[in-house]
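Coordinate analysis (summary)
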Amino acid sequence: MQYFFNIEKKIPEQISSFYSSKTVWIGYTGLLGIFFLLGIMFLGGCSQLKSQKKNDLMSEKFSFESADGSPKLIGDCTNLGNYHPIQVLGYGLVNRLPGTGADDVNSLERRMVYDEMNRMGIRDVRGILADPTTAVVNILAYMRPGIQEGDFFDVEVRLPPETGAKSLRGGWLMTSRLEEMAFLGGSLKEGKTLALVEGPIMVDDPLATESSNPSGLKQGIILGGARAKESRSLTLNMKSGAESAFATDRIAKEINHRFYISTGQKKGMATAKTDSLLVLEVHPTYAKDVARYVRVIQSIACYETPAKQLHRIERLKAELLIPEKSQRAAFQLEAIGKKGAEALRSALNSPNSEVRFHAATSLAYLGDGTPAKILADIARNEPAFRVYALNALSVLRTDIEAELALQELLHVPSAETRYGAFRALCNRNPYDRTIRGENLGNQFSYHGIMTSGSSMVHISKSKRPEIVLFGSDIQLRQPFGLEAGAVIFVNGQTPGTVVVKKFALNGVDEQRSVSNKLDEVIRAVVELGGTYPDVFQMLLQADQMKVLSCRLEIDCLPEPNRVYHRPGNTDENDPAAQETSKKKTIWERMNPKNWFDTNPGGNSSDFEGTPNTSERE
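Heads up: these notes are all about the structure in this document. (Residues numbered from 1 in each chain as written. Predicted model: local features only at pLDDT ≥ 70, side-chain atom pairs only at ≥ 80, totals over all residues. Heavy atoms only, no water.)

**Considering the overall build of the protein**
- For the protein, the helix and strand inventory stands at 19 helices and 22 strands.
- Accessible area of the protein: about 30700 Å², with a carbon and sulfur share of 53%. (Helix = DSSP H or I, 4+ residues; strand = E, 2+ residues; numbered from the N terminus. Areas by Shrake-Rupley, 256 points an atom, 1.4 Å probe, with all protein chains shown as cover.)

**Looking at the environment of Gly496**
- Relative to the helices and strands, Gly496 resides in the loop between strand 19 (488-491) and strand 20 (498-502).
- A C-alpha to C-alpha distance of 6.0 Å links Gly496 and Asn516, two positions 20 residues apart in sequence.
- Those residues in contact with Gly496, other than ones at most four positions away along the chain, are Gln478, Val514, Ser515 and Asn516. (Contact = heavy atoms within 4.5 Å.)

**Thoughts on the side chain of Asp104**
- Counting through the fold element by element, Asp104 comes out in the loop between strand 2 (86-95) and helix 4 (108-119).
- We note that Asp104 is buried and unpaired, the nearest opposite charge coming from Arg110 at a distance of 8.1 Å.
- In contact with Asp104, not counting residues within four places along its chain, are Arg110, Pro160, Glu162, Thr163 and Gly164. (Buried < 20%, exposed > 50% of the residue type's maximum accessible area, 1.4 Å probe, protein only. Lys, Arg positive; Asp, Glu negative; His and termini not counted. Salt bridge = Lys/Arg side-chain N within 4 Å of Asp/Glu carboxyl O.)

**So, the nonpolar core**
- Among the nonpolar cores identified, the biggest contains 85 residues, and Ile255 and Phe422 are the most heavily contacted of them.
- With nine residues, the single largest contributor to this core is helix 13 (residues 383-395).
- Not counting residues up to four positions away in its chain, the partners in contact with Ile255 are Ile74, Leu236, Ala270, Leu280, Ile297 and Ile300.
- Counting 39 residues, the second-largest nonpolar core is a separate cluster that includes Phe480, Val547, Leu548 and Leu552. (Core = buried A, V, L, I, M, F, W, Y, C linked by side-chain atoms within 4.5 Å.)

**Observations regarding the packing of aromatic side chains**
- Enumeration according to the criterion identifies 11 aromatic pairs in this entry.
- Seen in terms of ring centroids, Phe357 and Phe385 are 4.1 Å apart; in terms of plane orientation they differ by 5 degrees. Their pairing is stacked. With Phe357 in helix 11 (residues 353-365) and Phe385 in helix 13, the pair connects residues that are 28 residues apart, well separated along the chain.
- Residue classification places Phe357 among the buried residues on the basis of a relative accessible area of 5%.
- Judged by its relative accessible area of 3%, Phe385 falls in the buried class.
- Through successive ring pairs, a cluster of aromatic residues spans Phe259, Tyr286, Tyr293 and Tyr365.
- The ring of Phe259 carries the charged tip of Arg258 above its face, separated from the ring centre by 4.3 Å. (Phe/Tyr/Trp six-rings, centres within 6.5 Å; stacked < 30°, edge-to-face > 60°. Lys NZ or Arg CZ within 6 Å of the ring centre and 35° of its normal.)

**Some words on the sheet that holds strand 18 (residues 481-483)**
- Spatially, the four strands line up as an open sheet ordered 18-19-20-21, and their pairing is antiparallel. Of all the strands in the sheet, just strand 18 and strand 21 (510-514) have a single pairing partner and so form its edges. Strand-to-strand twist across the sheet, computed as the mean angle between neighbouring axes with direction ignored, equals 15 degrees.
- In the sheet, strand 20 pairs with strand 21 via five bridges, with the strands oriented antiparallel. Following the sheet pairing, Lys502 is matched in strand 21 by Glu510.
- Helix-sheet contacts for helix 16 (residues 518-527) involve strand 19, strand 20 and strand 21, and the interaxial angle to strand 21 is about 165 degrees.
- Set on the sheet, helix 17 (residues 532-544) makes contact with strand 18 and strand 19; between it and strand 18 the angle comes to about 145 degrees. (Pairing = 2+ DSSP bridges. Axes fitted to C-alpha atoms, helices over the stretch in contact; angles between N-to-C directions.)

**With respect to the pattern of salt bridges**
- Per the counting criterion, the structure on display carries 28 salt bridges.
- With a closest N to O distance of 2.6 Å, Arg312 and Glu304 form a salt bridge. Across the pair, exposure class does not vary: Arg312 and Glu304 are buried alike.
- Arg345 is paired through a salt bridge with Glu342; the nearest N and O atoms lie 2.9 Å apart. With Arg345 and Glu342 both in helix 10 (residues 341-345) and three residues apart, this pair spans about one turn of that helix.
- Given the relative accessible area of 31%, Arg345 is considered partly exposed.
- A residue is classified by how much of its surface remains accessible, and Glu342, at 52% relative accessible area, is exposed.

**Observations concerning the pairing of strand 9 (residues 234-238)**
- Counting buried positions over the five residues of strand 9 gives four, a clear majority of the element.
- One ladder, built from four bridges, connects strand 1 (residues 78-81) with strand 9; its direction is antiparallel. Bridge pairing in strand 9 places Asn79 opposite Asn237.
- For strand 9 and strand 13 (residues 277-280), the ladder comprises four bridges, and the chain directions are antiparallel. In the strand pairing of strand 13, Thr235 is matched with Val279.

**With respect to helix 7 (residues 290-298)**
- Taking burial as the measure, the nine residues of helix 7 include eight buried ones, the bulk of the element.
- Within the span of helix 7, buried status applies to Val290, Ala291, Arg292, Tyr293, Val294, Arg295, Val296 and Ile297.

**Thoughts on unusual backbone geometry**
- Note the cis peptide between Gln478 and Pro479, where omega equals 0 degrees.
- Within the fold, Pro479 resides in the loop between strand 17 (466-470) and strand 18.
- With a phi close to 70 degrees, Arg96 is a non-glycine residue in the positive phi region.
- Tracing the backbone through its elements, the reader meets Arg96 in the loop between strand 2 and helix 4.
- Judged by relative accessible area, which is 53%, Arg96 ranks as exposed.
- Positive phi outside glycine occurs at Asp555, with the angle close to 45 degrees.
- The residue Asp555 is located in the loop between strand 22 (551-554) and helix 18 (575-581) in this model.
- Take Asp555: its relative accessible area is 14%, and that puts it in the buried class.

Structure (structure tokens):
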């Protein structure tokens, strides 16, 4: 009995010893950990199932396919926003007037300028405003959609309605701010400063006098005088019924897969902000052609599998050869990117010029220089496509074939083709040896082009102050007498000699004696302090008096929105077509209503009501 008693007593002691051992505690802890991990996995699986179910519900709400099974394009699901010119206003002070200014004491403009000058700490503000060499002006400009920080644009300058000032000729607008302004609660509210502006004023009618056309002296423009302080983004707004974070995120990913910039790491052009809004930056390749950028973005598929994309490429390849469908097909292939390039190349041998044009243009924007010669031939022979072909050539910045093609176009008979090629070369590479010029007198861009074609002088009245001489021996026929602004007179009465004289209002008169070569006369005017508007006025007078030995052209760029007649579909009796194709005279091109480009989305340059795909830059 004692033996069994001892056994019973030892058993609990052994069990207690077992449970208190280190090994058992480790095993017990491990068992608990296993149960804990299993619980997390179970809960995570539930959460994942819920998330998947939520995504499935969202994808059901927004279908990426149309009723016929084809992929929806971004243009089918979104509306474009922030795609309109922004009006910016300001008030400024013009100086350097030849005694034609006035002090409009009671005007709103004068009070605004007075307050601004006081804030800047300028002394004797009243005395400055009372000087007859100064005048207060209204400033108006439009910032185009997609404009980038640092870009320049034109501004319009006007004297107040009840002003005592007589003329802005010879004036220089001092640095002024341009803002969005509005009248709220009966008072003028200023917004954020969007641009700064300064520069010489070109009056509406450079040949006007106070007796012949006084209103033509009271307003004018400053070419490229304003500089944007910030970039303008575009927006994509989801159409009604398609709003969802899932959809905007998916669309942003598709855009960023196609358009991005690499600065150490890839940065996409689109950002999904809300379930109905995406912000879209402008890709550098399309900076001069924002409207085309918009069309390509709208042609990207919201989503499609690789297999379906290959099938769509084959379908677009066939549609590309049909003139009525060619443009839309080319935009979609351009939107696909490099994978669509081969289909585009297959259309370059088409006998139809319209098909070749759309395929070649899209390839150029994809960086493929293969169609450079085709684009040059189109620019030379088809006016309706000329501006777009030249824009496409300008995008090929590193392609030698595109450079040579543009250089050849500098010698053709067509004035707009020659100058269009010059502008394309400038956009492509401003340091190109063929067109490289100089900043004459820190006033304007001045270029001399050696050409085998006829001589020509081109001057700009929009975008930027610029003079281009096509030909090396352009002369002024003597005798003549020309004005270059309000205080510079060009006297060419003595054969072989031209005297350029500046009459000083307060000081000593200056003069230069040069030959009758136009280049020497222009340089003499600038040396005496002449501005771009002064030289512009002189050249207009020379052309009007027929003393210029060659043709003079103003803003002779290829025009968008021209009518293209497909073979067998012309209508010679169509008045609209006749008016569109009619060449404008030099005076029509000087009309102030043509100074600013219209909203790029307002007119159609193609055949399906699409936005204008050129900024004429």
